[in-house]
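Coordinate analysis (summary)
Next come the chains, spelled out residue by residue.
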Amino acid sequence: MKTSIHYRIALFCIFFGIGFIGCKTKESNDEPKKIAIVVSTLNNPWFVFLAQKAEAKAKQLGYESKIFDSQNNTAQETDHFDNAIASGYDAILFNPTDADGSIVNVKNAVAAGVPVFCMDREVNANGAATSQILSDSYSGCVAIGKYFVETLNKKGKYVEILGMVGDNNTWNRSKGFHSVVDFYPGLKMVAQQSADFDRNKAMDVMESILQAHPDIDGVFCGNDAMAMGAYQALVASGKADRVKVFGFDGAEDVVKSIRDGKILATGMQFPEVMAQTAATFADEYFKGKRDFPGKMPVAVELVKKDNVENYAAYGEKE
Amino acid sequence: MPKPIRYLLYVAVIALLAYNSVYFKKLDEVKAGSAAFDAAAYAKDFWEKKLMPGLPKAVELGVLTTQLETEKDKAFEQHSHALGIGNIRYFLVKGQGEVTDVSENEVSVALARGGGKAGNVRIATEYVFGNAVRDASGAIDINAFTNSMDFNNVSAEINKLIREKVIPPFKSKVKKGDRVAFQGAIELNRGHLQLNSIEIIPVSLQIKKP
C-alpha cells in the first residue's frame, strides 16, 4: 500500500509536470513576443513621437509592446530594465538617459539574452548594445555651421546654448558646429552655456547672457526647444529681428518659425526612421539574424527658408 | 611526502599562479594605445591608396544629371554611396567646362557638352566641409571605426588636405573664361533632388591650356 501511494504520487507529478510544460509551450508558441520601449523622458514631445512610432512599428510587425518613461533618471531606467527582463520581454528598444550611466543596464539585458537596440542616443560602450541607430548629429551640425557662417558673413558675436552635458548628442552637435565655425576668426563666441535641452531654461540663460552681451548677432542651440526659448528671450528684449537663431531637431514650432522667418534653420532628424529601423532590427533578431551594424547613422537634413516647404514636424511632408 | 618538499611545492604553485595573474605595462604604452588613432595619417593613406586610385571610376557629371532626370532611382543605386540610412547620398563625379565666374567662396563653371539642368555647377573653394569626399568613394566602412569621433575627424582631415593642396594652386590662377577639368564629390538629397545648384567638393582641379 505504501509503495502504491508513492507510485501514485510519482505518477501524478509526472502527469502534472507534462501538462504544465505543455501549457507553457503552447503559451510560448501562441503569444506574440514582447518588446519594451524604454525612453529617456516623455516630457519632450520629440521623445513621445519616437516612442509612439516604435510602438506602432512593433505592433505592425505583430509584437506586443509597452512604453516605459525613465524621466531622465538612470535609477528609474534601471528599474524599467529589471522589470522588462523579469517580465520576459524579448527585446528592448532603448533611448538612453545617460551615455555612461546607461551602459550597465544595456549590458545586464544583453547578458540576460534580451537584445537592446538604441535609438537616437548612444551608450559609450562599443559592442554593448546589439545595435545603435543614431542621428548623424555631427554631420547635421556641420551643415548648420556652414549655413551659420554664410548667413553671418563670416563675422559677428554669437552664443552657443548646449544641451545636457552628459549626453553625447550635446557634444557631437557642438563639435560638428565648431568644426566649421572655428575656421573663421571673425566669428567670436561670447558665451557658451547649458540649458539641458529645456525651453524655459534656455529662455533664462539667454536673458542673462543678453544682459552681459546685448550686441550678439547669432545663437546656436543644441535643440529646437532651446532655440524657441532663446527666441522668446530675444523677442522680450526687442532683438529678435537682428539676432539669427539656429536650432536642431525639426520640431513642429521651429519648422513653422522657419517658414515665418523667425528662426533661421534647424537640423531635421528623422525619429520615425530610427524607431522603425530599431523595431525592424528586433524583428530580424527574433528571426535569427545576429550580424547587426554596431552603429547605424541616420542622415540629418538642413532645413531653411528656401526648402522648408519639403518638411513637416519630425520629418518629411507626406 | 617530507614537509620541506611539500612547502616547496606550495610555493612553486603560488608563484606560478601569481606570475600568470599579474603583468606590468608602462603607463605611457597604455595611454598611447587609447589615443592611437591618427586621423591625419588615416586621411593621407585613404587619399593615396583609395581615393586617387578610385577616381577613374567617377561618373561624368553631365551623364549623371541626365540619368537622374530620367531614371533617378537607378542613378542613385548605380553611382551613389552613403554610410548610413536617409536621403543624403554622395557621388564621385568628373567633368570639364568654362569658368563663368570667380567669387570669394566658389568658382562657377558652365559644363561642356550641355549637361541638362546641371549646365552650371559650382566648385567650392571656401566652404570645404562635410563628408562628401570621405563617403562618395564607398571605400570606407563605418564599422571599422570603434569611435564615431575618429570617423568624423577623418572627414575633417580629408577636407584639410583639399584646402591645403587642391584649392590654393587653382584659386590663385583661375579666372573667368578659363577651361577647367575637375574631379570631386557631390551631395544630393534623394527625397528632394535639386540639380540646379550642384556644388562640387574638388579632389583634383586642372586649368586647361588654351
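Residues numbered from 1 in each chain as written. Chains lettered and ligands numbered in written order. Predicted model: local features only at pLDDT ≥ 70, side-chain atom pairs only at ≥ 80, totals over all residues. Heavy atoms only, no water.

The next point concerns the sheet that holds strand S4 (residues 116–119) of chain A. Residues and elements named next belong to chain A. With parallel pairing, six strands are arranged side by side in an open sheet as S2-S1-S3-S4-S5-S11. Since the sheet does not close on itself, it has two edges, and those belong to strand S2 (64–69) and strand S11 (295–298), each with one partner. Ignoring which end each strand starts from, the neighbouring axes of this sheet average 15° apart. (Pairing = 2+ DSSP bridges. Helix = DSSP H or I, 4+ residues; strand = E, 2+ residues; numbered from the N terminus. Axes fitted to C-alpha atoms, helices over the stretch in contact; angles between N-to-C directions.)

Time to look at the packing of helix H7 (residues 199–212) of chain A against helix H8 (residues 224–236) of chain A. Residues and elements named next belong to chain A. Direction vectors running N to C along H7 and H8 enclose 40°, while the axes themselves pass 7 Å from each other. Looking at the two axes, H7 sits oblique to H8. For the element pair H7 and H8, the recorded crossing hand is right-handed. The residues of H8 that touch H7, namely those facing Arg-199, Ala-202, Met-203, Met-206, Glu-207 and Leu-210, are Ala-225, Met-226, Met-228, Gly-229, Ala-230, Gln-232, Ala-233 and Leu-234. Of the residues in the contact of H7 with H8, the class split is ten nonpolar, two polar and two charged. (Parallel < 35°, antiparallel > 145°, perpendicular 65-115°, else oblique. Left-handed = near helix turned anticlockwise from the far one by under 90°. Contact = heavy atoms within 4.5 Å. Nonpolar A, V, L, I, M, F, W, Y, C, P; charged D, E, K, R; others polar.)

All names here are of chain B. Between helix H3 (residues 39–54) and helix H7 (residues 148–171), whose axes approach to 8 Å, the crossing angle comes to 65°. Every pair of crossing elements has a handedness; the one defined by H3 and H7 is right-handed. Contact with H3, carried on its side by Ala-39, Ala-40, Tyr-42, Ala-43, Lys-44, Phe-46 and Trp-47, involves Asn-153, Val-154, Glu-157, Ile-158, Leu-161, Ile-162 and Val-166 of H7 and no other residues of that element. Partitioning the contact of H3 with H7 into residue classes produces eleven nonpolar, one polar and two charged.

What follows covers unusual backbone geometry. Residue and element names in this part refer to chain A. Of note, the phi angle at Asp-196 is positive, near 55°, even though the residue is not glycine. Notably, Tyr-314 is not glycine yet its phi reads approximately 60°, a positive angle. Residue Tyr-314 is classed as buried on the basis of its relative accessible area, which comes to 12%. (Buried < 20%, exposed > 50% of the residue type's maximum accessible area, 1.4 Å probe, protein only.)

Further remarks concern the environment of Val-303 of chain A. Residue and element names in this part refer to chain A. Examined against the element boundaries, Val-303 turns out to sit in strand S12 (residues 301–304). Taking the relative accessible area as the measure of exposure, Val-303 reaches 0% and is therefore buried. The sequence separation of Val-303 and Arg-259 amounts to 44 residues, and the corresponding C-alpha distance is 9.9 Å. Once residues within four sequence positions are removed from consideration, Val-303 is found in contact with Ile-258, Leu-264, Ala-265, Thr-266, Met-268, Val-308 and Tyr-311.

This paragraph deals with the interface of chain A and chain B. In this assembly, 30 residues from chain A lie in contact with 25 residues from chain B. There are three salt bridges connecting chain A and chain B. Notably, a salt bridge pairs Glu-199 of chain B with Lys-146 of chain A, separated by 3.0 Å at the nearest N-O pair. Where chain A meets chain B, there are nine residue pairs in polar contact (both at pLDDT 80 or more). Of all elements in the fold, only helix H5 (137–151), helix H6 (168–181), helix H10 (271–286) and S11 of chain A reach the threshold of two or more residues within the side of chain A that touches chain B. Among the residues making up the side of chain A that touches chain B, the classes are represented as 14 nonpolar, seven polar and nine charged. (Salt bridge = Lys/Arg side-chain N within 4 Å of Asp/Glu carboxyl O. Polar contact = N/O pair within 3.5 Å; in protein donor to acceptor, adjacent residues only side chain to side chain.)

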